[in-house]
Structure formats: structure tokens, C-alpha cells
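# A look at the structure
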Amino acid sequence: MEPVKLSVIYYSSTGTIAEIANTLVAEAEAAGAEVRLRKAPELAPDAAIDSNPAWRANVEATRSVPEVAADDVVSADAVLFGSPTRYGNIAAQLKQFIDGLGGEWQQGLLADKVYSGFTSSATQHGGQESTLLALYNTIHHFGGIIVSPGFTEGSKFVDGNPYGTSHVDAQGENKVDDVTRTAAAVQAKRVVSVAKALKNGAA
């Protein structure tokens, strides 16, 4: 049987989401998936990026990550979208890519795939849940199948977010830790497992 084709598609400004994305990639590959890692194009001007050393450092550190294209969603069995929270919603960079999928949506090419999300915020309760729920509103329009981690394993009661992996970075003070990495492992394995069952059932 062919492996599950998973795309991890993210936007990250200062690197937290990029680091979680890399963890999800590793865990999904360990679960047997064929994974693409893609980033949304940066929309901010250089002046804004240069005003924050961590932002500029992340831009440089992720230059080798290919920018996302529509085929990265169309050809996938499952998609993990990641974004920092912006006023309780996903960042404009990721939103612009998703909004550009109208043609694929009209053709039904985004339906019947597994989707899940991950996010970060500067403060606790800083919009993490609403960001993921806002993302999932779009997935409903796709006709996609939302696979959230839920409280399906005991470790999920530690991180406490049933909607997806999330992290509080406290403006870079809190590095991605074992709690967040464990949450990412649960999510990646669950997404791959459900996508595999759907793919095998459709074969």
C-alpha cells in the first residue's frame, strides 16, 4: 500500500511555528507518512522583519524550505496547517495562500482530505483555540475531514488543547519544550493513522 502523503504547511515569523512544524514532520515520517514541508510566502516588508532580530533570523534559517503551492494541498491525503495567532485568527501570510485556493475548491480538489492545525501565541489563552477553530471554519468549506488530537491520550491533559498542538512562547522566552513536542507527536500520529484508514478504505 502507498504511504499517506502529508503536507505540513506553515507560516512562522520568529521560528516557534517552524520548530513545531519540523517536529510534526519527524513524527509523521516515523509513523510511515511521505511528508512535504512547505512555508507560506512572507508578505511583510524588510523594514518590519529587520525590526525584530528573531524574525530576520528565522527568515534566514528557513530559506531552504520551499514555498507552498496549490499542488501541495491537492496531491496530499492529509494537511497540517500551522500559524501563530493573530488577533485570534491565522496570520495573513497563511490566509492569503488558503484564500488563493478558490479554483481548486471549486473543482472539489480540496475535499475528502484529512486536515488539522497547530499554532502558538505570546501569552496563555492568547487566542490559540480561536485560531484553530477559525482555521477549521475554512476546512468545513473545503469539505475536508478535521482530525483534531482531542483528549485521546493522557498526555493531552498536560498541554490541555484538544483542537491541535499549541505553544505559549512568551515573546521568545519559552522555547518549544517536551510538552509541546509530545502534543505534536500525538497529533501527527493521529492524523497519519486516520488518513491511512481512509486511504485504505477508499483503495
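In this text, all values refer to a predicted model and were calculated from it rather than measured experimentally. (Residues numbered from 1 in each chain as written. Predicted model: local features only at pLDDT ≥ 70, side-chain atom pairs only at ≥ 80, totals over all residues. Heavy atoms only, no water.)

### Here we look at the UniProt feature "domain: Flavodoxin-like" (unreviewed entry) in the protein
The UniProt record marks residues 6–184 with the feature "domain: Flavodoxin-like" (unreviewed entry), using the residue numbering of this structure. For residues 6–184, the end-to-end C-alpha separation is 14 Å, with 40% helix and 21% strand making up the annotated structure. (UniProt positions renumbered as here; feature names shortened; annotations may be inferred. Helix = DSSP H or I, 4+ residues; strand = E, 2+ residues; numbered from the N terminus.)

### Quick word on the nonpolar core
Soluble globular proteins tend to bury their nonpolar side chains together. Leu6, Val8, Tyr10 and Phe118 are the most contacted members of the largest nonpolar core, which has 26 residues in total. Sorting the residues of this core by element identifies strand E1 (5–10), helix H1 (16–30), strand E2 (34–39), strand E3 (78–86), strand E5 (114–121) and helix H9 (178–202) as the ones contributing at least two each. Among the elements that make up this core, the one with the highest residue count is H1 (seven residues). Beyond its immediate stretch of four places on either side in the chain, Tyr10 contacts Ile17, Ala18, Ala21, Leu37, Arg38, Lys39, Ala40, Thr62, Val65, Gly82 and Phe118. (Core = buried A, V, L, I, M, F, W, Y, C linked by side-chain atoms within 4.5 Å. Buried < 20%, exposed > 50% of the residue type's maximum accessible area, 1.4 Å probe, protein only. Contact = heavy atoms within 4.5 Å.)

### Some details on the pattern of salt bridges
All told, the structure shown has twelve salt bridges when counted by the stated rule. With its nearest N and O atoms 2.7 Å apart, the salt bridge here joins Arg56 to Asp50. One connected set of salt bridges, linked through shared partners, spans Asp46, Asp50, Arg56, Glu60 and Arg63. (Salt bridge = Lys/Arg side-chain N within 4 Å of Asp/Glu carboxyl O.)

### With respect to the environment of Lys175
Mapping Lys175 onto the fold places it in the loop between strand E7 (164–168) and H9. Sequence separation between Lys175 and Gly15 is 160 residues, and the spatial gap between their C-alpha atoms is 9.8 Å.

### What to know about the pairing of E1
Among the six residues that make up E1, five are buried, leaving the element largely enclosed by the rest of the structure. Alignment of E1 against E2, held across six bridges, turns out to be parallel. Opposite Leu6, over in E2, you have Val35 as the bridge partner. Following the backbone out of E1, through H1 and into the adjacent parallel E2, one traces a crossover that is right-handed. With five bridges connecting them, E1 and E3 associate as parallel partners. Its bridge partner being in E3, Ile9 is matched across the sheet by Phe81. (Pairing = 2+ DSSP bridges. Right-handed = clockwise from strand over helix to strand, strands pointing away.)

### Observations regarding helix H3 (residues 53–61)
All of the buried residues in H3 are Trp55, Asn58 and Val59. Burial along H3 is one-sided: seen end-on, the buried residues are contained in an arc of 105 degrees. Exposed and oriented more than 90 degrees from the buried face of H3 are Pro53 and Ala61. Buried-residue contacts for H3 involve H1 and helix H2 (46–50). Two or three places before Ala54, at the start of H3, stands the capping residue Asn52, its side-chain oxygen 3.0 Å from that residue's backbone nitrogen. (Arc of directions from axis to C-beta. Polar contact = N/O pair within 3.5 Å; in protein donor to acceptor, adjacent residues only side chain to side chain.)

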